[in-house]
Structures are given as structure tokens and as C-alpha cells.
Amino acid sequence: MNTETWLPLVFMGLMGLALLVYVVLDGYDLGVGLLMLGASSEHKDQMVASIGPFWDANETWLVLGVGILLVAFPKAHGVILQALYLPVALMLLGLTLRGVAFDFRVKAQTRWQPLWNRAFMAGSALAALSQGWMLARYITGFAQGWGYTLFALLIALALAAAYALLGAAWLIMKGEGSLQALAVRRAKLAWPAVVLGLALVSITTPMLSQTVSERWFRMPELIALLPIPLSTALALLALRALLNSHRVLGKLCWLPFALMVVVMLMSFIGLAYSLYPFVVVEQMTVWQAAAAPKSLQFILWGVAGTVPAILIYTVFAYRVFWGKSGELKYA
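Summarised in this report is the structure supplied together with it. What you are looking at is a predicted structure, and each value in this text was computed from that prediction instead of being measured.

What counts and how
- Residues numbered from 1 in each chain as written.
- Predicted model: local features only at pLDDT ≥ 70, side-chain atom pairs only at ≥ 80, totals over all residues.
- Heavy atoms only, no water.
- Helix = DSSP H or I, 4+ residues; strand = E, 2+ residues; numbered from the N terminus.
- Buried < 20%, exposed > 50% of the residue type's maximum accessible area, 1.4 Å probe, protein only.
- Areas by Shrake-Rupley, 256 points an atom, 1.4 Å probe, with all protein chains shown as cover.
- Lys, Arg positive; Asp, Glu negative; His and termini not counted.
- Charge placed at Lys NZ, Arg CZ, Asp CG, Glu CD.
- Phe/Tyr/Trp six-rings, centres within 6.5 Å; stacked < 30°, edge-to-face > 60°.
- Axes fitted to C-alpha atoms, helices over the stretch in contact; angles between N-to-C directions.
- Parallel < 35°, antiparallel > 145°, perpendicular 65-115°, else oblique.
- Left-handed = near helix turned anticlockwise from the far one by under 90°.
- Contact = heavy atoms within 4.5 Å.
- Nonpolar A, V, L, I, M, F, W, Y, C, P; charged D, E, K, R; others polar.
- Expected span 1.5 Å × (residues − 1).
- Bend = angle between axes of the 7 residues up to and from the residue.
- Core = buried A, V, L, I, M, F, W, Y, C linked by side-chain atoms within 4.5 Å.

### Examining the overall build of the protein
Stage number 1. The helix and strand tally for the protein stands at 14 helices and two strands.
Stage number 2. For the C-alpha atoms alone, the extent of the protein along its principal axes is close to 60 × 40 × 40 Å.
Stage number 3. Per-residue burial for the protein yields a buried fraction of 47% across its 331 residues.
Stage number 4. A total accessible area of about 16300 Å² is found for the protein, and carbon and sulfur atoms account for 71% of it.
Stage number 5. Here the protein contributes 21 positively and 13 negatively charged side chains, and the mean placements of these two sets differ by 6 Å.

### Let's talk about the packing of aromatic side chains
Stage number 1. What the rule picks out here adds up to 11 aromatic pairs.
Stage number 2. Note on tyrosine 28 and tryptophan 170: the rings are 3.9 Å apart at their centroids and 15 degrees apart in plane angle, and the pair reads as stacked. With tyrosine 28 in helix H1 (residues 3-35) and tryptophan 170 in helix H7 (residues 146-174), this residue pair connects regions lying 142 residues apart in the sequence. Each member of the pair tyrosine 28 and tryptophan 170 is classed as buried.
Stage number 3. The interplanar angle of 85 degrees and the centroid separation of 6.3 Å between the aromatic rings of tryptophan 170 and tyrosine 318 together place this pair among those described as edge-to-face. Note that tryptophan 170 is positioned in helix H7 and tyrosine 318 in helix H14 (residues 293-320), a separation of 148 residues in sequence.

### Considering the packing of helix H6 (residues 113-139) against H7
Stage number 1. Where H6 contacts H7, the axes come no closer than 7 Å and their chain directions differ by 135 degrees. In terms of their interaxial angle, H6 and H7 are classed as oblique. Relative to H7, the crossing made by H6 is right-handed. Only Tyr148, Thr149, Phe151, Ala152, Leu153, Ile155, Ala156, Leu157, Leu159, Ala160 and Tyr163 of H7 make contact with H6, whose side of the interface consists of Ala128, Leu129, Gln131, Gly132, Trp133, Leu135, Ala136, Arg137 and Ile139.
Stage number 2. Looking at the contact of H6 with H7, its residues break down into 16 nonpolar, three polar and one charged.

### Brief notes about H1
Stage number 1. In this model H1 runs 47 Å from its N-terminal to its C-terminal C-alpha over 33 residues, within 8% of the 48 Å that 1.5 Å per residue would give.
Stage number 2. At glycine 27, H1 shows its largest bend, some 30 degrees.

### Thoughts on helix H3 (residues 55-72)
Stage number 1. Its 18 residues place the ends of H3 26 Å apart at the C-alpha level, agreeing with the 26 Å of an ideal helix rising 1.5 Å per residue.
Stage number 2. Within the sequence span of H3, burial applies to Trp55, Ala57, Asn58, Glu59, Trp61, Leu62, Leu64, Gly65, Ile68, Leu69 and Ala72.

### Things to note about the nonpolar core
Stage number 1. One finds Phe11, Tyr28, Met47, Phe73, Ala76 and Trp170 to be the most contacted residues of the largest nonpolar core, which totals 98 residues.
Stage number 2. The leading source of residues in this core is H7, at 17 residues.
Stage number 3. Ignoring anything within four residues of it in the chain, the contact list for alanine 76 reads Leu69, Val279, Val280, Met284 and Ala289.
Stage number 4. Residues Val212, Trp216, Leu225 and Met266 belong to the second largest nonpolar core, which totals five residues.

It is worth stressing that arrangement in space is one thing and function is another; only the former is reported here.
Set out below in C-alpha cells:
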């Protein structure tokens, strides 16, 4: 296999890995922001404290994924960002709003703290919904029509619900006492929305995309792919059963989050299978979108240093601040 064949696949895999890690890691802290709605001031502080040491590291993976798209697949980068200009701008606005509110909410006078809390929640919601909208537009190849618009709205709400459930699972793992109990209650509320969203997405996606329909509903591929939806369903059922157990407040507090990671991983594998080998669905394959082989070889040296550095930084941050979260403090 020559470099023109395997190098684009390497960069596609790295980009996919970066986006998967981002969805899991930044997904839970966006979910925590969504769950602040209706929480007490004390619980809000505890929620922010649980994500405080990690959220900067989490967003690094988004920068890495988009950076690989820019330098390794410049043709696709132009097409994708041109089609998604507005939701990308809204996502960046939401992430910026979160960053500003994160610092200002504790520095502000008491009367202004609710404003910054609302800004943090609004930024989280805006980023989560924008990402869901972009995902839907991307997997349908940016097709136009009211059906595709409704599908994008469905995916946006489903992803926000998944982030909320992921965030609740994170709080169960990192919180204690009344915060942990609140997270269990919020997880129970988010669970039906996630299940319904996944079911509707699984039904409507093949109807809207001929490529996805052909990939999933022909033999023997259908049988070979059954472990993906079955694993997802089992993980969600196990998660719901665990929420009714007192053990989720003790030694098994980590398990809901692990089960949600399984759900995200299976969803990613299913999506990757559905879209391969396209970078822009039904328009541009990975090889058509890739930069020149010599450019990719040069970029590979940079990626070989950057990806391990980001990985080490992320692992180090989680290792240092692992365990139950403490009181919210700012230097």
C-alpha cells in the first residue's frame, strides 16, 4: 500500500479519534452546564468545581480535530465550514460565553452571580445544540429541505440530552451527598430522552440517506453489525437499572459514566461505518479531499509530536485531579 493510499486514512483516523475524545470529555462538561438549570447556588458551585481542572484540556481535542481537517483535508475543510458557517459561529460563541462566565461568576458581586450562571448555562446549551445541528447537516451531506431541517433539530436535541446524561453520570462519579443524589435524579430524567433520541435517529437516518440505508440493511452486513446496536441498548438498560441501586452512590459511582462512554463509542463506530470512505458525504472521499502526499508526510511529523503531547497533558490533568471534587476555588 503506497503513501497516497494509507496516509489519508491515518489522518482520517486521527481526526476521528480527536473528535470522539472531544465528544466524551467536553460532552460531560457541557452536560454539567446544562444540569445547572434549577440547581441551588451551592450545587452550582459544586458542579463548576467538578469540571474546573479539566475543561481547558477537554476543548483541546476539538482544536486538534479541526486542525487536522484544515491541514490534511483542505478541500473538505472549505466545503464543510462554508456549509456550517452559522452553527460553527454559534458554537464558538457558546464556548466563549462559557469561558468568560466560568471566571466571572465567582469574581462578580453577589447580585451579578446569577447573570453569569445563566451565561454559563446558555453557553453550554448553545454549544451542545450547535454541535448536534452540525452533525445532522454533515451526515446528510448538507441536503436541503424541510425533512432535513427537522432531522437536524432532532439530532441537536438528542445530542444535548446525551450530554446532559453524560454530565449527570460525571457528577455521580465526582460528587457526594446531595449533589450526587441530584445527579441521579437528573440522570433518570435525561435517560428517556436519550433513548427516544437514539431510536428516532436510527429510524430516520436510513430514510434520509441512501448511503446509510445500503450500508446497514443488506446481508450479511446486517448480522455482522448487530453487536453495535445491541451493545448500545444493553449499556443504556444497565445504566437505567444502576440508577435505581444504592450502590451507584458508593463503590459503583464510576459505572454510569463508563456505560455512557460505551454508548458514545458504539454510536461513533456506527457513524464511522456509515460514512466511510467519505469526508463529505456522497461528495468527496478521503483520498479526493486529502492534501498532496508530500504535504501529508511533512504534516505527519508535526502530528507525531502534537498528539502524544495533548494525550499526556490530558492524562496528567485527570490523574492529578482524580477523585471526588472539592470546594470551588480560584487563584
